[in-house]
Amino acid sequence: MKSEINEEYLGEYRKDTLRQELVAMEIAFLVSKESKDPSTQVGACIVSSDERIISTGFNHNPIEWSVDSFPWRNDVNKIGEENTKYPYIIHAELDAISKCNNLNELKDGTIYVTLFPCTQCAKTIASFKIKKVVYAEYRDSLEATCSKRLLEKCGIEVVSYDEILKDNFENEKEAIKKLKLNFKKGVK
């Protein structure tokens, strides 16, 4: 008995699919919509070294702290940092890492984030030996500069999502048109 399938029965496979990196960033944008933060919604999607999506996360208040009593304000200069979200909010990167079922799968993986990681998240990314960070938005600041330096000194590849989009994707271009995806602002 033959175990191979006759070639005439194979048919054609779909060729207008999106590359993994485009899908992963779109998922990060989509997951960011779960955030209740009124000013900044951040999403993260982690892909293992064997190109499987293993976790997602978004910025949010700690689970035990009611969303109704959480300090969502961001005007540090007016009310002081201790009265804003900044010291308390859980970042998307940490959320995604903490939700990963098997932390060993993080090693040599890639994290896709809608906003460049802060230094605390960069340290966590480095600690779990994630090898690549792909970011959609970079806000120039001392924090971002230090975070980028930390990632690069740890041998982590840092790539702008804009660089990925500049590549010439033959199959993806038609799929992107069909799906009418907006890679800059995410799914609305």
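Residues numbered from 1 in each chain as written. Predicted model: local features only at pLDDT ≥ 70, side-chain atom pairs only at ≥ 80, totals over all residues. Heavy atoms only, no water.

1. Examining the overall build of the protein chain
Then comes step 1: Counting secondary structure elements, the protein chain contains seven helices and five strands.
Then comes step 2: Mapped in sequence order, the helices and strands of the protein chain form the string α-β-β-α-α-β-α-β-α-β-α-α.
Then comes step 3: Counting every position in the protein chain, which comprises 188 residues, the buried fraction comes to 39%.
Then comes step 4: Taking the intrachain contacts of the protein chain between residues at least 6 apart in sequence as the baseline, contacts between residues at least 24 apart amount to 62%. (Helix = DSSP H or I, 4+ residues; strand = E, 2+ residues; numbered from the N terminus. Buried < 20%, exposed > 50% of the residue type's maximum accessible area, 1.4 Å probe, protein only. Contact = heavy atoms within 4.5 Å.)

2. Here we look at the pairing of strand 3 (residues 110-113)
Strand residues, when the strand is regular, have side chains that alternate between the two faces of the sheet.
Then comes step 1: On strand 3, burial covers both faces: Thr110 and Tyr112 on one face and Ile111 and Val113 on the other are all buried.
Then comes step 2: Alignment of strand 1 (residues 43-47) against strand 3, held across four bridges, turns out to be antiparallel. Following the sheet pairing, Ala44 is matched in strand 3 by Val113.
Then comes step 3: Where strand 3 meets strand 4 (residues 132-135), four bridges bridge the pair, whose relative direction is parallel. Bridge pairing in strand 4 links Ile111 to Val133.
Then comes step 4: Handedness of the crossover joining strand 3 and strand 4 through helix 4 (residues 119-127): right-handed. (Pairing = 2+ DSSP bridges. Right-handed = clockwise from strand over helix to strand, strands pointing away.)

3. A word on the nonpolar core
Then comes step 1: Ile46, Leu106, Ile111, Ile125, Val133 and Leu151 are the most contacted members of the largest nonpolar core, which has 22 residues in total.
Then comes step 2: Within the residue set of this core, elements represented by two or more residues are strand 1, helix 3 (92-99), strand 3, helix 4, strand 4 and helix 5 (142-153).
Then comes step 3: Take this core: its biggest share by element is three residues, from helix 3.
Then comes step 4: Ile125 has contacts with Glu93, Ile97, Ile111, Pro117, Ile130, Val133, Leu151 and Ile156, leaving out every residue within four places of it along the chain. (Core = buried A, V, L, I, M, F, W, Y, C linked by side-chain atoms within 4.5 Å.)

4. Some thoughts on a nonpolar patch on the surface
Then comes step 1: Judged by side-chain polarity, Ile5, Tyr9 and Leu10 come together as a nonpolar surface patch covering roughly 390 Å² of accessible area.
Then comes step 2: By the secondary structure assignment, Tyr9 is in the segment before helix 1 (20-32). (Patch = residues over 30% accessible without salt bridge, like charges linked within 9 Å, V, L, I, M, F, W, Y side chains within 5 Å. Areas by Shrake-Rupley, 256 points an atom, 1.4 Å probe, with all protein chains shown as cover. Salt bridge = Lys/Arg side-chain N within 4 Å of Asp/Glu carboxyl O.)

5. As for the layout of surface pockets
Then comes step 1: Put simply, the largest pocket is a space of about 580 Å³.
Then comes step 2: Of all the elements in the fold, those that place two or more residues in the lining of the largest pocket are helix 3 and helix 5.
Then comes step 3: Grouping the constituent residues of the lining of the largest pocket by class yields nine nonpolar, six polar and six charged. (1 Å grid on protein atoms, 1.4 Å probe; cavity = no way out; pocket = protein on both sides within 12 Å on 5 of 7 lines; lining within 4 Å. Points joined across faces, edges and corners; volume = space filled by probe spheres on them. Nonpolar A, V, L, I, M, F, W, Y, C, P; charged D, E, K, R; others polar.)

6. As for the pattern of salt bridges
Then comes step 1: In the structure shown here, the tally under the stated rule is seven salt bridges.
Then comes step 2: Here Arg19 and Glu21 are joined by a salt bridge, their closest N and O atoms 1.9 Å apart.
Then comes step 3: Taking the relative accessible area as the measure of exposure, Arg19 reaches 34% and is therefore partly exposed.
Then comes step 4: With a closest N to O distance of 3.1 Å, Lys99 and Asp95 form a salt bridge. With a gap of four residues between them, Lys99 and Asp95 both fall in helix 3, about one helical turn apart.
Then comes step 5: Overlapping salt bridges bring together Asp50, Arg52 and Glu105 as one network.

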